[in-house]
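The residues making up each chain are set out below.
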Amino acid sequence: MHTIVRRQALHHRSPRTRLAALAVTGLTSAALITVPAATARAASPCWDAGFSRTTPWGYTARAFYCRNVSPTPVYGAATYGSGQVGTLNTATSWFLCKFDGGENNGSPAHPTRWIYTQADTPANTWGYVPDKKVYSETDAIGNWCFL
């Protein structure tokens, strides 16, 4: 409402004065929209999926749901060089464990963290997703992953 009043008041001023006032108003509005990084909210954590899964090597663990980029590539090991073995096609996926010691994935929060899961396609393909592809905070997921 304040912006409308200012524009109406500017109508009676010279073109140069109106332009200067609108520029200042625009800069003020842009500054109000900017949110400093220090005040940004942390990502919501992954949550218990309510079921367990058994890995190809016979270890059973509790699954956790996390929000992730979709589609997301799944790699054969905690390194990009291992090659993509599958894809997560959904924006919420389940994960069994995390590994802090893989290749640097570029994540600001967990740069060497990779999360173990089963790909959506092809079916029954297991592998690792770089932490930077997961929006949720992954600290709640267990630490027992193997390469």
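Cut-offs and rules
Residues numbered from 1 in each chain as written. Predicted model: local features only at pLDDT ≥ 70, side-chain atom pairs only at ≥ 80, totals over all residues. Heavy atoms only, no water. Core = buried A, V, L, I, M, F, W, Y, C linked by side-chain atoms within 4.5 Å. Buried < 20%, exposed > 50% of the residue type's maximum accessible area, 1.4 Å probe, protein only. Helix = DSSP H or I, 4+ residues; strand = E, 2+ residues; numbered from the N terminus. Contact = heavy atoms within 4.5 Å. Polar contact = N/O pair within 3.5 Å; in protein donor to acceptor, adjacent residues only side chain to side chain. Pairing = 2+ DSSP bridges. Axes fitted to C-alpha atoms, helices over the stretch in contact; angles between N-to-C directions. Salt bridge = Lys/Arg side-chain N within 4 Å of Asp/Glu carboxyl O. pLDDT = per-residue confidence, 0-100.

### Thoughts on the nonpolar core
Thinking step 1. If you look at the biggest cluster of nonpolar residues, it comprises 16 residues, and the most contacted ones within it are Ala-63, Trp-94, Leu-96, Tyr-116, Tyr-128 and Cys-145.
Thinking step 2. At the level of secondary structure, the elements contributing two or more residues to this core comprise strand 1 (47-54), strand 2 (60-67), strand 6 (97-100), strand 7 (113-118) and strand 8 (126-130).
Thinking step 3. In this structure Leu-96 touches Arg-53, Thr-55, Ala-61, Arg-62, Ala-63, Tyr-116, Trp-126, Ile-141, Gly-142 and Trp-144, once residues within four positions along its chain are discounted.

### Some thoughts on the environment of Lys-98
Thinking step 1. By the element assignment, Lys-98 lies in strand 6.
Thinking step 2. A C-alpha to C-alpha distance of 6.1 Å links Lys-98 and Tyr-116, two positions 18 residues apart in sequence.
Thinking step 3. Within the structure, the side chain of Lys-98 is placed 2.8 Å from the backbone oxygen of Asp-139, a separation counted as a polar contact.
Thinking step 4. A polar side-chain atom of Lys-98 sits 3.2 Å from a polar atom in the side chain of Asn-143.

### Points about unusual backbone geometry
Thinking step 1. In this chain, Ser-70 is followed by Pro-71 through a cis amide linkage whose omega measures 0°.
Thinking step 2. With respect to the element layout, Pro-71 can be found in the loop between strand 2 and strand 3 (72-75).
Thinking step 3. Each neighbour pair has its own omega, and for Thr-121 with Pro-122 the value is -15°, a cis peptide bond.
Thinking step 4. Structurally, the position occupied by Pro-122 is in the loop between strand 7 and strand 8.
Thinking step 5. If you check the backbone angles, Asn-124 has positive phi at about 65° while not being a glycine.
Thinking step 6. Of note, Asn-124 is situated in the loop between strand 7 and strand 8.

### Considerations on the sheet that holds strand 5 (residues 92-95)
Thinking step 1. The 3 strands lie next to each other as 1-2-5, forming an open sheet whose pairing is antiparallel. Each of the sheet's edge strands pairs with one partner strand only, and the pair in question is strand 1 and strand 5. Between one strand and the next, the sheet's axes are offset by a mean angle of 35°, whatever the strand orientation.
Thinking step 2. Bridge count for strand 1 against strand 2 is 5 bridges, and the pairing is antiparallel. Note that in strand 2 the partner of Trp-47 across the bridge is Tyr-65.

### A word on the pattern of salt bridges
Thinking step 1. Taken as a whole and judged by the stated rule, the model has 4 salt bridges.
Thinking step 2. Salt-bridge contacts for Arg-62 lead to Asp-48; the nearest nitrogen and oxygen are separated by 3.2 Å. Taken as a pair, Arg-62 in strand 2 and Asp-48 in strand 1 lie far apart in primary sequence, 14 residues in all.
Thinking step 3. A salt bridge links Arg-113 to Asp-100; its shortest N-O distance comes to 2.8 Å. Pair noted here: Arg-113 is in strand 7 and Asp-100 is in strand 6, with a separation of 13 residues, a long-range link.
Thinking step 4. By sharing partners, the salt bridges in this structure join Asp-100, Arg-113, Glu-137 and Asp-139 into a single network.

### Some details on the confidence of the model for the protein
Detailed reading of predicted coordinates is not advised where the pLDDT is low.
Thinking step 1. With 70% of its residues at a pLDDT of at least 70, the protein reaches an overall mean of 80.
Thinking step 2. Note that pLDDT drops below 50 for residues 1-13; the model gives that stretch 7 contacts with residues more than four away or on any other chain.
Thinking step 3. Below pLDDT 50 for its whole length, residues 17-41 participates in 7 contacts with residues either more than four positions away or in separate chains.

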